[in-house]
Amino acid sequence: SESLSFVARGYATAVFLFLVFVYRVKSARSIQIVLCGVLAAMLFLEITLMLWGKGDRPYVTSTYDSNDIAFIMVCGFPLSAMWFLRARGAGRYIAGVISALAVVTVLQTRSRGGLVSLCIVMGLLLVKTSSRRRLSAAAVVLACVLILGALGSKEYWGRMATIWGGNAPATDSVGEYDASGIWGARWGVWQGALRLILQRPVIGAGAGVSPVAEGLSHKGFGKWSATHNSFLEIGVDLGIPGLALFVFLLYRAVKNCRGVVRLARQQPGLAMEAWLAAAVEVSLYAYITAGFALSQAYSPIPYLLVATSVVLARLASARTGVSGPRADESSG
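Reading the values: the criteria
- Residues numbered from 1 in each chain as written.
- Predicted model: local features only at pLDDT ≥ 70, side-chain atom pairs only at ≥ 80, totals over all residues.
- Heavy atoms only, no water.
- Phe/Tyr/Trp six-rings, centres within 6.5 Å; stacked < 30°, edge-to-face > 60°.
- Helix = DSSP H or I, 4+ residues; strand = E, 2+ residues; numbered from the N terminus.
- Buried < 20%, exposed > 50% of the residue type's maximum accessible area, 1.4 Å probe, protein only.
- Lys NZ or Arg CZ within 6 Å of the ring centre and 35° of its normal.
- Contact = heavy atoms within 4.5 Å.
- Core = buried A, V, L, I, M, F, W, Y, C linked by side-chain atoms within 4.5 Å.
- Expected span 1.5 Å × (residues − 1).
- Arc of directions from axis to C-beta.
- Axes fitted to C-alpha atoms, helices over the stretch in contact; angles between N-to-C directions.
- Parallel < 35°, antiparallel > 145°, perpendicular 65-115°, else oblique.
- Left-handed = near helix turned anticlockwise from the far one by under 90°.
- Nonpolar A, V, L, I, M, F, W, Y, C, P; charged D, E, K, R; others polar.
- Salt bridge = Lys/Arg side-chain N within 4 Å of Asp/Glu carboxyl O.

Undergrad: Which parts of the structure should I look at to understand the packing of aromatic side chains?
TA: Aromatic ring pairs: the centre-centre distance and the angle between the two ring planes describe each pair. Evaluation of the coordinates by the stated rule reveals 10 aromatic pairs. Here Phe 6 and Tyr 11 contribute two aromatic rings whose centre-to-centre distance is 6.4 Å and whose plane-to-plane angle is 15 degrees, an arrangement assigned as stacked. Each ring, one from Tyr 11 and one from Tyr 303, has its centre 5.8 Å from the other, and the planes form 75 degrees; the classification is edge-to-face. You can see Tyr 11 sitting in helix 1 (residues 2–24) and its partner Tyr 303 sitting in helix 13 (residues 300–320), a full 292 residues away along the chain. Residue classification places Tyr 11 among the partly exposed positions, given a relative accessible area of 24%. You can call Tyr 303 buried: its relative accessible area is 15%. Members of the aromatic cluster, joined through ring pairs, are Phe 6, Tyr 11, Tyr 298 and Tyr 303. The side chain of Arg 92 reaches across the aromatic face of Phe 84, ending 4.9 Å from its centre.

Following this line, the structure appears as structure tokens:
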């Protein structure tokens, strides 16, 4: 019943929006409009938290905790940064502001996973940017590093030093939980999730009920923990077949984006589709990285990114007359 309620009240909406996007968005310009809405929402969240956040943990809302907010910023950063590198006029400067505020927000959330994911994404941004704009991308990354260095407090870097644990003792500013690092905060939960997957490897426990399955695994006593890993979350909920399908969707989305970029090298008219595909690909990597330590399997973000990759691949195929599978062969 819990699983049915989850699907009917939440997950069905994400699937519906995914299908609407795939079948109704029919141009690169339409994709840009949708992404403008995403970045506008991201900017609104950034400004709201900075102006009205209060208390010891100002970057917590009734909808998102600090890790969730860092996750949103990390996944949206490639879209805004790529927009800054490619756009012109006022839109470019707005995208630059959104990118800078995303870095500031990740810093202020004090999310260790957020910082690790952001660093990985900045490196991927350099790799995936075209050679003509690599110097500009390097300047963007340098600006992000300067923001972190200028605004990061001693307490912040003290907490970041505990990412892997074992190096920093608990202090007044770093609690025992933080000092234990990833091994103390995540490893035990991940082991429990793996055991649950092995108990129901085919059908899983049911969509959206991994915390319930974890709680019942120790007869309901003690803390009921989320899996804190999107892949293990899907594995517990939907079994190994569901996990395989989830991984395949992400893999296919990345392949779609790469196919568009390859076709664009032969067709200059696909320039807009190419940079959008590159941005979506890096955002997919951001989702995978950040989602490795968070329960974000059912977040709308991966569905938006996968849907965008599908539309971009379709648009590129229509413009070049090359179908999906043959596109990879002819361009690789």
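Undergrad: What is the right way to look at the environment of Leu 35 in this model?
TA: Mapped onto the fold, Leu 35 is located in helix 2 (residues 28–52). Residue classification places Leu 35 among the buried residues on the basis of a relative accessible area of 4%. Here the alpha-carbon distance between Leu 35 and Leu 276, two residues 241 residues apart in the chain, equals 9.6 Å. Once you skip the residues sitting within four places of it in the chain, Leu 35 turns out to touch Leu 79, Trp 83 and Leu 276.

Undergrad: In this structure, what is going on with the environment of Ile 31? I would like to understand it.
TA: In this structure, Ile 31 sits in helix 2. Put simply, Ile 31 and Leu 312 are 281 residues apart on the chain and 8.5 Å apart in space, counted from C-alpha to C-alpha. With residues up to four places along the chain from it excluded, the contact list for Ile 31 reads Phe 21, Val 25, Leu 276, Thr 308, Val 311, Leu 312 and Leu 315.

Undergrad: What is the right way to read the nonpolar core from this model?
TA: The tendency in soluble globular proteins is for nonpolar side chains to be buried side by side. Ranked by internal contacts, the top residues of the largest apolar core, which has 81 residues, are Ile 31, Phe 71, Met 73, Phe 77 and Leu 284. Broken down by element, this core gets its largest block of residues, 13 residues, from helix 12 (residues 271–291). If near-sequence neighbours (up to four positions away) are discounted, Phe 71 is found in contact with Tyr 287, Ala 290, Gly 291, Leu 294, Gln 296, Ser 299 and Ile 301.

Undergrad: Even after reading the chapter, I still don't get helix 6 (residues 134–151), so can you show me in this structure?
TA: Because each turn of an α-helix spans 3.6 residues, side chains separated by three or four positions in sequence point in the same direction. Across its 18 residues, helix 6 extends 26 Å between first and last C-alpha, which sits within 8% of the 26 Å expected from 1.5 Å per residue. All of the buried residues along helix 6 are Ala 137, Val 140, Val 141, Cys 144, Ile 147 and Leu 148. With its buried residues spanning 115 degrees around the axis, helix 6 presents them on a single face. Facing away from the buried side of helix 6 by over 90 degrees, the exposed positions are Leu 135, Leu 146, Gly 149 and Ala 150. Next to the buried residues of helix 6 lie helix 3 (66–86), helix 4 (90–109), helix 5 (112–128) and helix 7 (154–160).

Undergrad: Explain the environment of Ile 69 to me, please; I cannot follow it from the model alone.
TA: Here Ile 69 lies in helix 3. Sequence separation between Ile 69 and Gly 114 is 45 residues; the distance between their C-alpha atoms is 8.8 Å.

Undergrad: Just to check I follow, could you spell out the packing of helix 3 against helix 4 for this structure?
TA: How two helices sit against one another is set out by the angle between their axes and by the gap between those axes. Between helix 3 and helix 4, the shortest axis-to-axis distance is 8 Å and the interhelical angle comes to 155 degrees. Overall, the two elements helix 3 and helix 4 adopt an arrangement that is roughly antiparallel. Helix 3 and helix 4 meet at a crossing whose hand is left-handed. When helix 3 is examined against helix 4, the residues Ser 66, Ile 69, Ala 70, Met 73, Val 74, Phe 77, Ser 80, Ala 81, Trp 83 and Phe 84 are found in contact with a partner set consisting of Gly 91, Arg 92, Ala 95, Gly 96, Ile 98, Ser 99, Ala 102, Val 103, Thr 105, Val 106 and Thr 109. Of the residues assigned to the contact of helix 3 with helix 4, the class counts are 13 nonpolar, 7 polar and 1 charged.

Undergrad: What's the story with the packing of helix 3 against helix 12 in this structure? I'm lost.
TA: Where helix 3 contacts helix 12, the two axes come as close as 8 Å, and the packing angle between them is 160 degrees. The orientation of helix 3 with respect to helix 12, classified from their angle, is roughly antiparallel. For helix 3 against helix 12, the interelement crossing comes out right-handed. Two secondary-structure elements touch here, helix 3 through Phe 71, Val 74, Cys 75, Pro 78, Leu 79, Met 82, Trp 83 and Arg 86 and helix 12 through Ala 271, Trp 275, Ala 278, Ala 279, Val 280, Val 282, Ser 283, Ala 286, Tyr 287, Ala 290 and Gly 291. For the contact of helix 3 with helix 12, the per-class residue count stands at 16 nonpolar, 2 polar and 1 charged.

Undergrad: Can you help me understand unusual backbone geometry in this one?
TA: Glycine aside, negative phi is the norm for most residues, and most peptide bonds take the trans geometry. At Arg 110, a residue that is not glycine, the phi angle is positive and equals roughly 60 degrees. Tracing the backbone through its elements, the reader meets Arg 110 in the loop between helix 4 and helix 5. Of note in this structure, His 228 is not a glycine but carries a positive phi near 55 degrees. Among the structural elements, His 228 can be located in the loop between helix 10 (210–217) and helix 11 (230–266).

Undergrad: Got a minute to help me understand the pattern of salt bridges in this structure?
TA: It is possible for side chains bearing opposite charge to pair when their charged atoms get close. Counting across every chain of the model gives 3 salt bridges. Between Lys 128 and Glu 281 there is a salt bridge, and its shortest N-O distance comes to 3.2 Å. On the criterion of sequence distance, the pair formed by Lys 128 in helix 5 and Glu 281 in helix 12 is long-range, its members being 153 residues apart. Classification of Lys 128 as partly exposed rests on a relative accessible area of 27%. The exposure class of Glu 281 is buried, given its relative accessible area of 0%. For Arg 319, the salt bridge is made with Glu 273, and the minimal N-O distance between the two is 3.3 Å. Of this pair, Arg 319 sits in helix 13 while Glu 273 sits in helix 12, placing them 46 residues apart in sequence. Judged by relative accessible area, Glu 273 falls into the buried class, the value being 5%.

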